[in-house]
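One-letter residues, chain by chain:
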Amino acid sequence: MNFAVLQFPASNCDQDAVHAVRRLGHSARLVWHKEASLGDTEVVIVPGGFSYGDYLRCGAIARFSPVMQAVKQFADNGGLVLGVCNGFQVLAEAGLLPGALIRNRDLQFHCENVFLKTVTNESPFTSRIPAGKILRVPIAHGEGCYYADEETLAKLKAGNQILWQYCDAAGNVTDQANPNGALLNIAGICNERRNVAGLMPHPERACEPLLGSDDGKWIFESVFAALEKKTAALVA
Amino acid sequence: MKAKIIITPKKAVLDPQGKTVQNALAHMGYTGVTGVHIGKYIEIDLAPGTDSAAAEKALNEAAHKLLSNPVIEDYKLEIV
C-alpha cells in the first residue's frame with residue numbers, strides 16, 4: 001500500500017511516519033508541499049511539526065499549500081487521510097475536520113506519554129485496536145486543546161466521531177488525565193464520512209518496543225485493514 | 001492607506017493567556033479588572049488611491065479565510 005507523507009517547511013515527524021509505515025511492511029514516500037498532485041497514493045499522512053513556523057496560527061498557512069488542494073480532492077473522493085499533531089491542526093484549519101486546536105490550558109508545551117481510550121472501533125483508523133486496549137503513546141505539543149462549540153460537540157458525539165479520549169492507565173476519562181484541557185478529553189476525531197481523522201498524540205513514534213511502546217501500530221494496522229477491504233471489494 | 005485588523009478570542013473559548021495576565025494584574029494590586037482577553041493586531045499597508053470599499057470587501061474575505069479562524073476568533077476590520 002502506498003502512503004504519501006506530506007512535507008511542509010518545518011514538518012519534523014515526516015521521516016518518523018515514513019519509517020513507521022515501512023517498518024510495518026508498506027511503502028511510503030514524502031510529498032513536498034509545492035506538489036499539486038499526490039500521484040499513486042492510497043493513504044495521506046499529514047505529519048507533525050511546526051509547518052511554516054506555526055506563524056499566525058498552527059496549520060493556518062499550510063492549509064493553503066498546493067498539496068492541500070490535492071488532499072482536499074483526495075478526501076472528497078473518499079481517500080483516507082490521517083493528520084497527526086500539527087497535521088491535525090492543518091486538517092482542522094482546512095475545514096476537513098470540525099473544531100480547532102488552541103493553546104494548552106496550562107500554557108506549557110507537553111512532551112510526555114499519555115494513555116488513550118479508543119471510543120469506537122467503527123472507523124478505518126480504529127477497527128483493529130483490540131477491545132478494551134488502552135494505548136500508551138507520546139504527545140509533544142503546545143497547542144493541542146481541542147475546542148468546538150456545543151453544537152459541533154453534540155454532532156461529534158451523535159455521529160460517533162470521537163475516536164480517542166485522554167484517559168488514565170486504567171482507562172478512566174478524567175480531568176487529571178487530560179494533558180491540555182481538550183473539551184471532552186478529545187485526543188482525536190474523524191469527519192462525518194469517517195475517511196479523515198486527526199489526533200494530537202503521535203502513533204508513529206510508538207510503533208516498536210525499542211521506543212518504549214508499540215501501541216501506535218494498532219492505528220496503522222486498522223488503516224491497512226481498511227485498505228485491504230477496499231481493494232478486495234474492487235477486485236470482487 | 002492602511003487596514004487595521006484586531007483579532008480576539010471568542011468569549012466562549014478558553015483564553016489561558018488572558019487568565020494568567022488577569023491574575024498577574026490582581027497580584028500587582030490593580031483592582032477592578034474583571035477580564036483580560038489577548039488577541040492579535042495586524043496592520044496591512046495598502047497602495048495609495050486604493051478603493052476603500054473594495055479593499056474592505058477583499059480584506060473581510062481574507063480575514064475570514066486566513067487572518068482569523070472563525071471557529072475560535074472574532075475580528076474587527078478598519079480601513080484608515
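Residues numbered from 1 in each chain as written. Chains lettered and ligands numbered in written order. Predicted model: local features only at pLDDT ≥ 70, side-chain atom pairs only at ≥ 80, totals over all residues. Heavy atoms only, no water.

Undergrad: How should I be thinking about the overall build of chain A in this particular structure?
TA: If you tally the helices and strands in chain A, you get five helices and 11 strands. For 236 residues, the compact-globule estimate of 2.2 N^0.38 gives 18 Å, and chain A sits close to it at 16 Å. Relative to its 236 residues, chain A shows a buried fraction of 57%. For chain A, the proportion of contacts with a sequence separation of at least 24, taken over those separated by at least 6, is 76%. Split by element, the accessible area of chain A, about 9700 Å² in all, is 50% carbon and sulfur. Once the 21 positive and 24 negative side-chain charges of chain A are each reduced to a mean point, those two points are 3 Å apart. (Helix = DSSP H or I, 4+ residues; strand = E, 2+ residues; numbered from the N terminus. Rg over C-alpha atoms; globule rule 2.2 N^0.38 Å. Buried < 20%, exposed > 50% of the residue type's maximum accessible area, 1.4 Å probe, protein only. Contact = heavy atoms within 4.5 Å. Areas by Shrake-Rupley, 256 points an atom, 1.4 Å probe, with all protein chains shown as cover. Lys, Arg positive; Asp, Glu negative; His and termini not counted. Charge placed at Lys NZ, Arg CZ, Asp CG, Glu CD.)

Undergrad: Would you mind going over the overall build of chain B with me for this structure?
TA: Secondary structure assignment for chain B yields two helices and three strands. Counting from the amino terminus, chain B carries its helices and strands in the arrangement β-α-β-α-β. Whereas a compact globule of 80 residues would reach a radius of gyration of roughly 12 Å, chain B reaches 16 Å, over 25% beyond that. Taken over the C-alpha atoms alone, chain B extends approximately 50 × 25 × 15 Å along its principal axes. A buried classification covers 26% of the 80 residues belonging to chain B. For chain B, the share of sequence-separated contacts (at least 6 apart) that also reach a separation of at least 24 residues comes to 70%.

Undergrad: It is not clear to me how unusual backbone geometry should be interpreted in this structure. Could you clarify?
TA: Negative phi values dominate among residues other than glycine, just as trans dominates among peptide bonds. Residue and element names in this part refer to chain A. Backbone geometry places Leu184, a non-glycine residue, at a positive phi of 55°. Within the secondary structure layout, Leu184 lies in the loop between β9 (162–167) and β10 (186–190). A relative accessible area of 34% means that Leu184 is categorised as partly exposed. In this model, Asn185 sits at a positive phi of 60°, which is unusual for a non-glycine residue.

Undergrad: It is not clear to me how the sheet that holds strand β4 (residues 80–84) of chain A should be interpreted in this structure. Could you clarify?
TA: The pairing of strands in a sheet comes from backbone hydrogen bonds and takes either a parallel or an antiparallel form. Residues and elements named next belong to chain A. In space, the nine strands of this open sheet follow the order β2-β1-β3-β4-β11-β10-β9-β6-β7, with mixed pairing throughout. Strand pairing shows two members of the sheet lacking a second neighbour, β2 (27–32) and β7 (134–141), which therefore form its edges. Going from strand to strand, the sheet's axes swing by 25° on average, the running direction of each strand aside. Two elements, strand β1 (residues 2–7) and strand β3 (residues 43–46), share three bridges in a ladder whose sense is parallel. Bridged to Ala4 within β3 is Val44. Running at roughly 70° to β10, helix α4 (residues 150–158) makes contact with β9 and β10 of the sheet. In the packing of helix α5 (residues 217–235) onto the sheet, contacts are made with β1, β3, β4, β7, β9 and β11 (196–199), and the angle to β4 comes to roughly 170°. (Pairing = 2+ DSSP bridges. Axes fitted to C-alpha atoms, helices over the stretch in contact; angles between N-to-C directions.)

Undergrad: When you look at α5 of chain A in this model, what are you seeing that I'm missing?
TA: Side chains three or four residues apart in an α-helix point the same way, a direct result of the helix having 3.6 residues per turn. Compared with an ideal rise of 1.5 Å per residue, which puts 19 residues at 27 Å, α5 of chain A spans 27 Å between its outermost C-alpha atoms and is within 8% of the ideal. Of all the positions in α5 of chain A, only Ile219, Phe220, Ser222, Val223, Phe224, Ala225 and Leu227 of chain A are classed as buried. (Expected span 1.5 Å × (residues − 1).)

Undergrad: Looking at this structure, I do not really get the side chain of Glu208 of chain A. What am I missing?
TA: Along the chain, Glu208 of chain A turns up in the loop between β11 and α5. Non-local contacts of Glu208 of chain A, meaning those with residues more than four positions away in its chain, are made with His19, Arg23, Ser213 and Asp214 of chain A.

Undergrad: I would appreciate a short explanation of the interface of chain A and chain B in the present structure.
TA: Accessible area lost when the parts come together is the quantity often used to give the size of an interface. Taken together, the contacts link 15 residues of chain A with 16 residues of chain B. Roughly 1300 Å² of surface becomes buried between chain A and chain B when both sides are summed, with 68% attributable to carbon and sulfur atoms. Of all residues in chain A, Leu56, Arg57 and Tyr147 of chain A bury the most surface against chain B, accounting for 42% of the area lost on that side. Put simply, chain A and chain B have one salt bridge between them. Between Arg57 of chain A and Glu73 of chain B there is a salt bridge; the shortest N-O distance is 3.7 Å. At the junction of chain A and chain B, the tally comes to five residue pairs in polar contact (both at pLDDT 80 or more). (Buried area = accessible area lost by both parts, 1.4 Å probe. Salt bridge = Lys/Arg side-chain N within 4 Å of Asp/Glu carboxyl O. Polar contact = N/O pair within 3.5 Å; in protein donor to acceptor, adjacent residues only side chain to side chain.)

Undergrad: Quick question: what am I supposed to make of the sheet that holds strand β3 (residues 73–79) of chain B here?
TA: Residue and element names in this part refer to chain B. Reading across the sheet, the three strands line up as β2-β1-β3 and stay open at both edges, with antiparallel pairing between neighbours. Two strands bound the open sheet, and with one partner strand each, they are β2 (40–45) and β3. Across the sheet, the axes of successive neighbouring strands diverge by a mean angle of 15°, strand direction being ignored. Pairing geometry for strand β1 (residues 2–9) and β3, over seven bridges, is antiparallel. Paired with Ile5 across the bridge in β3 is Leu77. In this fold helix α2 (residues 52–67) packs onto β1, β2 and β3, with an angle of close to 160° to the strand it touches most, β3.

Undergrad: Explain a nonpolar patch on the surface to me, please; I cannot follow it from the model alone.
TA: Residue and element names in this part refer to chain B. Taken together, Met28, Tyr30 and Val33 make up a surface patch of nonpolar side chains, about 320 Å² in accessible area. Inspection of the secondary structure puts Val33 in the loop between α1 (16–27) and β2. On the basis of relative accessible area, Val33 is assigned to the partly exposed category, the value being 33%. (Patch = residues over 30% accessible without salt bridge, like charges linked within 9 Å, V, L, I, M, F, W, Y side chains within 5 Å.)

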